[in-house]
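Here is how the chains run, residue by residue.
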Amino acid sequence: MQPVPAGAERTVFRAIRDPYQGYQAKRRQDALQRQKVARLQSANRARTLVQEPGQEESESGLDVEVDE
Amino acid sequence: IAGIDLQAKEWPNLIPSLLNNMGAQPPAPVGTRQATLMTLGYICEEVDESLLSPENVNMILTAVVAGMGPGEPDEPRLAAIRALTNAIHLAKNNFEVENERSYLMQVVCQGTQAASEQMRVAAFQCLQNIADNYYPKLQAYMTELYGMTTKAIKEDNDEVATQAIEFWSTVAEYELELLDDGKDDECKNFIVSAADYLLPILLECLTKQDEEALDDEGAWNRAMAAGFCVKLLARICRDRIVPQVMPFITANISAQDWHFREAATFAFGSIMEGPSVASLDAYVRQGLSYLVSALKDPHRVVRETTAWALGQVFEQVHGAEAEGAAPIVSKEMLPGLLTALVESLKDEPRVAYYVCDAIRLLALGFNTGDADTSPLSPFLKDLIQKLYEAAEVFRNHPSQENSGKAQIAAYEAINDLVRTSARDTLEFVGTLLTVVLNAINANLAVPLGSQQAAEKMATLQGQFCGMLQVCMERLCRSEDARAALVPYRDQIMETLLKVLTMTQGGAGVHEEAMLAAGTFTVATGPDFDKYLPQFMPFIRAGLQDHTAWQVCLSTVGVLGDVCRAVSAAIWPYCDELVSIILANLGSPTVHRNIKPELLTVLGDMALAIEGQFAKYLDAVLTILRQAMGMSVQMVAANDYDTYDYNNMLRRGIIDAVSGIAQGLGDDMVKNTPAGAASRDRLTAELPAVFAFVSSVGGDKTAGDGCYDEDVARAAIALLGDLCSVLPAAGPGLAQQPSKDWTLLVQYVI
């Protein structure tokens, strides 16, 4: 029974985490975020009771345009 | 086997018979005792706590502690302390009783003084587990623990010292978690109290680098553990650590011996996270030019750490300057800094890796959204070119250690430079896009001899598709740049289709190409319909690829993109798509994280095809009713993981119902025959929807009146959508027995 030393998982090169382990995950996350914003815009466009267009859109900071 | 049998209650005499081995008179042979202790340790580690009675736990602990006695031979003693380490989480009751707790602590502390090195290592590991499990009980023992650990760090050999440092890292991590969770009153501030004495010892350890270990990725030793611990200390002690560490840095940063230069540089990088920017400001301004020159240090390890430290400065301090303060990385400084960084891309891959990371973090610190220009604009083209060339060099020297990592780092640096680029460099981003397209096509022509070569190529193509995605995304943020993409559209889509075709055989759908196609729909809008016949087979394959659930998830998202882009043109594919989606939703083998997204995409489809969605209404609403029922039930679990998943599920349900209400809204409001039927069908679901929204309002898992803001907003918007298209919705809502939905309205307001 050799308990794994707590430090074993901590090292990549020299105790510095590797930001690229999830490089694909980042693009996936970015895509999900963009899709979320686009969906909200698309839903808002369809809403007939929108009172102040653009108010919700500004929340994300992203400015993704979807052609109609 | 014990794990299985104890669970099934089929081995009742296992623990007693093991305990007999330990208590037998005359004593069982040493080998038997050692093996018994190992077995007890394994059982304690693996078996669910609830399967061991308190009496069993007590007897196991007694036997284990007896095995640690100073009179025992080394082997069983070692097995005993390791068993105790594995069993310590079971000793909750014993740690509540002072004399039992003190006895256990005394036995473990004695272990740290044993003659055997392995025994001392194991004893310190046991102390780490104790700190992690019983932090609130440590106070009375802290003086002794401090003495023992610091002595070991200073005087014992590397492996023991490393574990003694790890004890402090464990305490620090525990305190950080308390502070992060706002539980300051539970924090006993052991680290702050010990820091004054602990820091000099740890800094000293930084200079004890083991040269051989620096090339071994799995290595973990005194210097590394100390570096990690100093970083934790900086995050807890914050500003007060700066004056404590700076004298060490200034004394050693120019030392003759590289060990000291490296230690000083590492210490500098380590304190960038934690202290306020104001407390670091002067030192960083002073130190930056020194770091830049140290990129040329004769020793490779110093250069590597220097590049890392620069990255730390850029990540934590650059761009976070106080309002009105001059930028830490000034415009005047940039040419020299960038020249040095670019020059270091030619260094060994390990160094280049951190250089790429530093460039990436430098770019992120200059992130200006969609500003007209950026301080990096004049250098962007050259910087990206050099990174691209460096990546090619690493790619062509795959045998060189770490070249793969450096290559990815170079591409990701390019990606972040593109993401943060200003408008005055968009033309170059367009050029880069064509370069990437050409690279992908050139790679498509490379003959692949083996499965291994094919997998490697798929990874590389993934990196290029990622870059393509980032370029398109940046260009689409600006209307004129998006227009400039028009001439390249066919070439982009043809290329992506080729990548998808190439990887279809073995590796399933190529996720990066799929994600790039999603971004491409934003670039084309309704014109994407011309690509549908060729692209939809890949969407179908992706939706059916349940084994790689994240690929499936990405595909679902891209299908949403396609629906938004082409609207009604998706209609010819809907029969098949809806049938796959419904099958996935009903399948127990489909990963549960995909299911909310599948519901969402049904809403996207309804918005796209509007009245035609009536065809699927009954089947989809039936599934949605089940999903709402599940979500309502989940509230009772009152557990945070379930709550998180429930919020994902809620988003899916809300997106779907809202998309349907709006998609069919026009027909329903105009009261066409189809519209009237849809209205009646949807009206029949209102009680279930209202009960569902009320369950969101009544959910107290996150605390009274605390909601996931996105869910709360979307739920209220859904009620609005329903009221606007269904005449019965308003009165129905008013008569709803539970008024918990009003809590959401109050929250959102």
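Predicted model, so just to flag it, every value in this text is computed and none were measured.

Undergrad: What exactly am I supposed to notice about the overall build of chain B here?
TA: A tally of helices and strands in chain B yields 37 helices and zero strands. Its C-alpha atoms put chain B at 90 × 70 × 60 Å along the principal axes. Out of the 749 residues belonging to chain B, those deemed buried represent 57%. When contacts within chain B are restricted to residue pairs at least 6 apart in sequence, long-range pairs at least 24 apart make up 73% of them.

Undergrad: Is there a simple way to think about the overall build of chain A in this case?
TA: Of regular secondary structure, chain A possesses one helix and zero strands. Within chain A, buried positions represent 41% of all 68 residues. When the accessible surface of chain A is split by element, carbon and sulfur atoms take 46% of a total near 3,900 Å².

Undergrad: Can you walk me through the packing of aromatic side chains in this structure?
TA: Any aromatic ring pair is given by two values, namely how distant the centres are and how the planes are angled relative to each other. All names here are of chain B. Taken as a whole and assessed by the stated rule, the structure comprises 19 aromatic pairs over all chains. Relative to Tyr 354, the ring of Tyr 353 lies with its centre 4.9 Å away and its plane at 85°, an arrangement referred to as edge-to-face. A connected cluster of aromatic rings, assembled from ring pairs, spans Tyr 146, Phe 167, Trp 168 and Tyr 197. We note Arg 592 situated over the ring of Tyr 645; from NZ or CZ to the ring centre the distance is 3.9 Å.

Undergrad: Please clarify how the environment of Leu37(B) should be interpreted in this entry.
TA: Tracing the backbone shows Leu37(B) in helix α3 (residues 30-46). Exposure remark for Leu37(B): the relative accessible area of 0% places this residue in the buried category.

Undergrad: Sorry if this is basic, but what is going on with the confidence of the model for chain B here?
TA: Segments scoring low in pLDDT should not have their predicted coordinates read at a detailed level. Averaged over every residue, the pLDDT of chain B is 93; the share at 70 or more is 99%. Our summary of model confidence lists the complex with pTM equal to 0.88 and ipTM equal to 0.79.

Undergrad: Can you walk me through the side chain of Arg474(B) in this structure?
TA: Residues and elements named next belong to chain B. Along the chain, Arg 474 falls in helix α22 (residues 451-476). Judged by relative accessible area, Arg 474 falls into the buried class, the value being 0%. A polar side-chain atom of Arg 474 sits 3.0 Å from the main-chain carbonyl oxygen of Ser 421. When residues no more than four places from it in sequence are discounted, the contact partners of Arg 474 are Gly 369, Asp 370, Val 418, Arg 419, Ser 421, Ala 422, Arg 423 and Leu 426.

Undergrad: I'm lost on the environment of Tyr643(B) in this one. Help?
TA: Residue and element names in this part refer to chain B. Here Tyr 643 lies in helix α31 (residues 640-663). Residue class for Tyr 643 comes out buried when judged on its relative accessible area of 7%. Contact partners of Tyr 643, with chain neighbours within four places excluded, come to Arg 650, Asp 699, Thr 701, Ala 702, Cys 706, Tyr 707 and Asp 708.

Undergrad: Please explain the pattern of salt bridges as it appears in this structure.
TA: Proximity of charged atoms lets side chains of opposite charge pair with each other. Residues and elements named next belong to chain B. This model, assessed by the stated rule, comprises 52 salt bridges over all chains. For Lys 208, the salt bridge goes to Glu 204, with nearest N and O atoms at 3.1 Å. On the accessibility criterion, Lys 208 (43% relative accessible area) is partly exposed. The exposure class of Glu 204 is partly exposed, given its relative accessible area of 45%. For Asp 655, the salt bridge goes to Arg 651, with nearest N and O atoms at 3.5 Å. Taken together, the positions of Asp 655 and Arg 651, both in helix α31 and four residues apart, correspond to about one turn of that helix. We classify Arg 651 as partly exposed; its relative accessible area is 21%.

Undergrad: Explain the packing of helix α27 (residues 549-566) of chain B against helix α29 (residues 594-609) of chain B to me, please; I cannot follow it from the model alone.
TA: Residue and element names in this part refer to chain B. One way to put it is that α27 packs onto α29 with a least axis distance of 9 Å and a crossing angle of 15°. Considered as vectors, α27 and α29 are oriented roughly parallel to each other. In this structure, α27 crosses over α29, and the sense of that crossing is left-handed. Taken together, the residues of α29 that come into contact with α27 (itself represented by Trp 549, Cys 552, Leu 553, Val 556, Leu 559, Gly 560, Cys 563 and Arg 564) are Ile 594, Glu 597, Leu 598, Val 601, Asp 604, Met 605 and Ala 608.

Undergrad: I'm lost on the confidence of the model for chain A in this one. Help?
TA: All names here are of chain A. Looking at chain A as a whole, its pLDDT mean stands at 60, while 37% of the residues score no less than 70. A low-confidence stretch, residues 1-16 stays under pLDDT 50, and its non-local contacts, those more than four residues away or across chains, total 51 contacts. Between residues 49-68, whose pLDDT stays under 50, and residues either more than four places distant or in other chains, the model counts 30 contacts.

Undergrad: Could you clarify how one ought to interpret helix α17 (residues 334-344) of chain B in this entry?
TA: Think of an α-helix as 3.6 residues a turn; residues three or four steps apart then line up on the same face. Within α17(B), burial applies to Leu334(B), Leu337(B), Leu338(B), Ala340(B), Leu341(B), Val342(B) and Ser344(B). Buried-residue contacts for α17(B) involve α15 (277-294), α16 (300-316), α18 (349-365) and α19 (377-396) of chain B.

Undergrad: Could you clarify how one ought to interpret unusual backbone geometry in this entry?
TA: When glycine is set aside, most residues are seen to have a negative phi, and most peptide bonds are trans. All names here are of chain B. Between Gln 25 and the following residue, Pro 26, the backbone shows a cis peptide bond with an omega angle of -5°. When you line up the elements, Pro 26 lands in the loop between α2 (14-23) and α3. Not every positive phi belongs to a glycine, and Lys 9 is a case in point at roughly 55°. By the secondary structure assignment, Lys 9 is in the loop between α1 (2-7) and α2. At Asn 402, a residue that is not glycine, the phi angle is positive and equals roughly 70°. As for its placement among the helices and strands, Asn 402 is situated in the loop between α19 and α20 (403-419).

Undergrad: Help me out: how do you make sense of the state of the cysteines in this one?
TA: All names here are of chain B. Enumeration over the complete set of coordinates arrives at zero disulfides over all chains. Sulfur of Cys 187: no disulfide; nearest cysteine sulfur belongs to Cys 237 and is 10 Å away. What makes Cys 187 buried here is its relative accessible area of 7%.

What counts, and at which threshold
- Residues numbered from 1 in each chain as written.
- Chains lettered and ligands numbered in written order.
- Predicted model: local features only at pLDDT ≥ 70, side-chain atom pairs only at ≥ 80, totals over all residues.
- Heavy atoms only, no water.
- Helix = DSSP H or I, 4+ residues; strand = E, 2+ residues; numbered from the N terminus.
- Buried < 20%, exposed > 50% of the residue type's maximum accessible area, 1.4 Å probe, protein only.
- Contact = heavy atoms within 4.5 Å.
- Areas by Shrake-Rupley, 256 points an atom, 1.4 Å probe, with all protein chains shown as cover.
- Phe/Tyr/Trp six-rings, centres within 6.5 Å; stacked < 30°, edge-to-face > 60°.
- Lys NZ or Arg CZ within 6 Å of the ring centre and 35° of its normal.
- pLDDT = per-residue confidence, 0-100.
- Polar contact = N/O pair within 3.5 Å; in protein donor to acceptor, adjacent residues only side chain to side chain.
- Salt bridge = Lys/Arg side-chain N within 4 Å of Asp/Glu carboxyl O.
- Axes fitted to C-alpha atoms, helices over the stretch in contact; angles between N-to-C directions.
- Parallel < 35°, antiparallel > 145°, perpendicular 65-115°, else oblique.
- Left-handed = near helix turned anticlockwise from the far one by under 90°.
- Disulfide = S-S within 2.5 Å.

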